[in-house]
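Secondary and tertiary structure notes
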Amino acid sequence: IVGLYKRVEIWNPELWKQAKELTTKDYIGFPVTNPSHKTKEYKQYKLNKKFGLFCGWYIAEGTITEKRNDITLSLNHFDNVEDCLSEIKKYESVTSVTSKLTSSSQRCVKIYGKEFRNDIFKLLGKTDLKIIPDVFWNYPKEFLLGFIEGLILGDGSIKTLDKVVFTSVRPQLVVQLKRLIISLR
């Protein structure tokens, strides 16, 4: 994250350091956004843990193709997949869902439905423009915890109980995830 900033303000506001001069002894302040958790639905979708898990997986491992009306997920973790997909299948905007093993450690999931695809695109973006939208701070804690879990399962790992690693080629996602996690403390 430090590489994103040319100047970083540290405890003494009159003293600025270049990002490359920062050490692990420096403290960086981040704004804390307190979620309202007031919004319970996005369009026809219930903002529960399963939909949050799907959204996190989509950000980490999902693809939307311009000419097709589907979303493709390539997943390495299968524990909650079928449970999550059973929820997704209930939405009127989803016409069908396929899920197949492509190897012993990889599952390819395709979710069909033009309206569903467009709704996810509008909410989360696609390819290098994927985001964690500010509206998430109005979403229920249950949804946000599912979202974080899906994101970490897709692009991260849990090393120990106190060390979670998340990597992304999208620097804005790293900053947004950090803000989200801090806001749920």
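Notes on the structure in this doc start here. Remember, predicted model here, so these are calculated numbers, not experimental data.

Cut-offs used in this document
- Residues numbered from 1 in each chain as written.
- Predicted model: local features only at pLDDT ≥ 70, side-chain atom pairs only at ≥ 80, totals over all residues.
- Heavy atoms only, no water.
- Phe/Tyr/Trp six-rings, centres within 6.5 Å; stacked < 30°, edge-to-face > 60°.
- Helix = DSSP H or I, 4+ residues; strand = E, 2+ residues; numbered from the N terminus.
- Buried < 20%, exposed > 50% of the residue type's maximum accessible area, 1.4 Å probe, protein only.
- Lys NZ or Arg CZ within 6 Å of the ring centre and 35° of its normal.
- Arc of directions from axis to C-beta.

**Considerations on the packing of aromatic side chains**
To describe a pair of aromatic rings, you give the distance between the ring centres and the angle between the ring planes. Scanning the entire structure with this criterion turns up 13 aromatic pairs. Measuring from centroid to centroid gives 5.5 Å for Phe 54 and Phe 116, while their planes differ by 45 degrees, and the two rings are tilted. Of this pair, Phe 54 sits in helix 1 (residues 49-61) while Phe 116 sits in helix 3 (residues 114-124), placing them 62 residues apart in sequence. Accessibility expressed as a relative area gives 0% for Phe 116, which makes it buried. Cluster of aromatic residues (ring-pair linked, three or more members): Tyr 42, Tyr 45, Phe 51, Phe 54, Tyr 91, Phe 116, Phe 136, Tyr 139, Phe 143 and Phe 147. Directly above the ring of Tyr 58 sits Lys 130, whose terminal nitrogen or CZ lies 4.7 Å from the centroid. For Arg 179, the ring lying beneath its charged end belongs to Trp 137, and the centroid distance is 4.4 Å.

**Considering helix 2 (residues 81-88)**
Residues Val 81, Cys 84, Leu 85, Glu 87 and Ile 88 constitute the buried set of helix 2. Taken end-on, helix 2 shows its buried residues confined to a sector of 155 degrees, consistent with a single buried face.

Function cannot be read off these values alone, since they describe shape.
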